[in-house]
Amino acid sequence: MNALLLIDVQNDFVPGGALAVPGGDAILAQLNALQSKFELVVASQDWHPAGHRSFASAHPGHAAFTEIEWLGRPQMLWPDHCVQGTPGAELHPALNTDRVEAIFRKGTDPAIDSYSAFFDNGHRKATGLGAYLRGRGITRVYIAGLAADYCVYFTAKDALAEGFEAVVLEDATRAISAEGWAAAQADLLALGGLVQASHGGLRES
């Protein structure tokens, strides 16, 4: 059975938000239309405590969009975004959530970032998404949302590692960087994932 994963379709990731993805709001109507094609739709939500260590503001002297080493891993430093309980962390009001069966929050540990909807970046803690999907009999996930070269990409990588078939719907996502998305696509294809257009035909369960 197939599931649609809607990744981080939040106010802070669309134009006008704290960490806007160019054209991030252009996919909203498409995300709504896609949902009727799936028996199961779930979403993820970036949900950072204030002062999260992925924020540049938590590292005096370091600017946003620079990379440091943190807890033995490379860490991109971001503007403060998707802080718990703030309007920026809310799912976009134009996203239809009537068919969203569950929302998995991530990035809640103040010490470590979490791009993937399955795990934090250190794979120390699971969000529960993998077990949830297996419990529902899901074998293939179609992934859309924001941003293509970060949270969508890492979600797809972890989906493959967890034994799911993973398909990124390339026209239902937007990237922070075209170069980053090109590299992400190449990696996903090498790992056995697929990248396709949503109108190219969804495989039946």
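Residues numbered from 1 in each chain as written. Predicted model: local features only at pLDDT ≥ 70, side-chain atom pairs only at ≥ 80, totals over all residues. Heavy atoms only, no water.

An unreviewed UniProt entry lists the chain under the name nicotinamidase, with Hymenobacter caeli as the source organism. UniProt's Pathway (unreviewed entry) comment on the chain is quoted here verbatim: "Cofactor biosynthesis; nicotinate biosynthesis; nicotinate from nicotinamide: step 1/1." Recorded in UniProt under Sequence similarities (unreviewed entry), the annotation for the chain is "Belongs to the isochorismatase family." (UniProt positions renumbered as here; feature names shortened; annotations may be inferred.)

Engineer: Which residues make up the sheet that holds strand β7 (residues 165-174), and what values go with them?
Structural biologist: One open sheet holds the six strands; their spatial order is β5-β2-β1-β6-β7-β8, and the pairing between them is parallel. The strands lining the two open edges of the sheet, one partner per strand, are β5 (100-106) and β8 (194-196). Mean inter-strand twist for the sheet, computed between neighbouring axes without regard to direction, equals 25 degrees. The strands touched by helix α3 (residues 148-161) within the sheet are β1 (2-7), β5, β6 (140-146) and β7, with β6 carrying the most contacts at an inclination of about 165 degrees. (Pairing = 2+ DSSP bridges. Helix = DSSP H or I, 4+ residues; strand = E, 2+ residues; numbered from the N terminus. Axes fitted to C-alpha atoms, helices over the stretch in contact; angles between N-to-C directions. Contact = heavy atoms within 4.5 Å.)

Engineer: Lay out the UniProt feature "domain: Isochorismatase-like" (unreviewed entry) in the chain with the relevant residues and their values.
Structural biologist: Those residues carrying the UniProt feature "domain: Isochorismatase-like" (unreviewed entry) are residues 3-195 in this numbering. The span residues 3-195 carries 21% helix and 24% strand; its end-to-end C-alpha distance comes to 16 Å.

Engineer: Describe the environment of Cys-151, and please don't skip the residues or the numbers.
Structural biologist: Assignment of secondary structure puts Cys-151 in helix α3. Separated by 105 residues in sequence, Cys-151 and Asp-46 place their C-alpha atoms 9.5 Å apart. Not counting the four nearest positions on each side in its chain, Cys-151 is found in contact with Ile-7, Asp-8, Lys-106, Tyr-115, Ser-116 and Leu-146.

Engineer: Explain the environment of Ala-172 to me, using residue names and the numbers behind them.
Structural biologist: Relative to the helices and strands, Ala-172 is located in strand β7. Separated by 32 residues in sequence, Ala-172 and Arg-140 have C-alpha atoms that sit 17 Å apart. Residue contacts for Ala-172: discarding those within four places in its chain leaves Ile-27, Gln-30, Leu-31, Leu-34, Ala-144 and Gly-145.

Engineer: Quick rundown of the state of the cysteines? Include the residues and the values.
Structural biologist: Applying the stated criterion across every chain, the model contains zero disulfides. Just so you know, Cys-151 is unpaired, no disulfide at all, and the nearest cysteine sulfur is the one on Cys-82, 8.7 Å from it. (Disulfide = S-S within 2.5 Å.)

Engineer: Tell me about the nonpolar core, residues and numbers included.
Structural biologist: Ranked by size, the top nonpolar core spans 59 residues in total, and within it Leu-5, Leu-6, Leu-133, Val-141 and Ile-143 carry the most contacts. Take this core: its biggest share by element is seven residues, from α3. Apart from the residues within four sequence positions on either side, Leu-6 is in contact with Leu-31, Gln-35, Val-41, Val-42, Ala-43, Ser-44, Leu-95, Val-100 and Ala-144. (Core = buried A, V, L, I, M, F, W, Y, C linked by side-chain atoms within 4.5 Å. Buried < 20%, exposed > 50% of the residue type's maximum accessible area, 1.4 Å probe, protein only.)

Engineer: Account for the pattern of salt bridges, with residues named and values stated.
Structural biologist: Think of it this way: side chains of opposite charge can pair up when their charged atoms draw near. Under the defined criterion, the tally for this structure stands at seven salt bridges. Taking the shortest distance from any N to any O, the salt bridge between Arg-140 and Glu-165 comes out at 3.2 Å. Remark: Glu-165 occurs in strand β7 and Arg-140 occurs in strand β6; sequence separation between them is 25 residues. Classification of Arg-140 by relative accessible area gives buried; the value is 6%. (Salt bridge = Lys/Arg side-chain N within 4 Å of Asp/Glu carboxyl O.)

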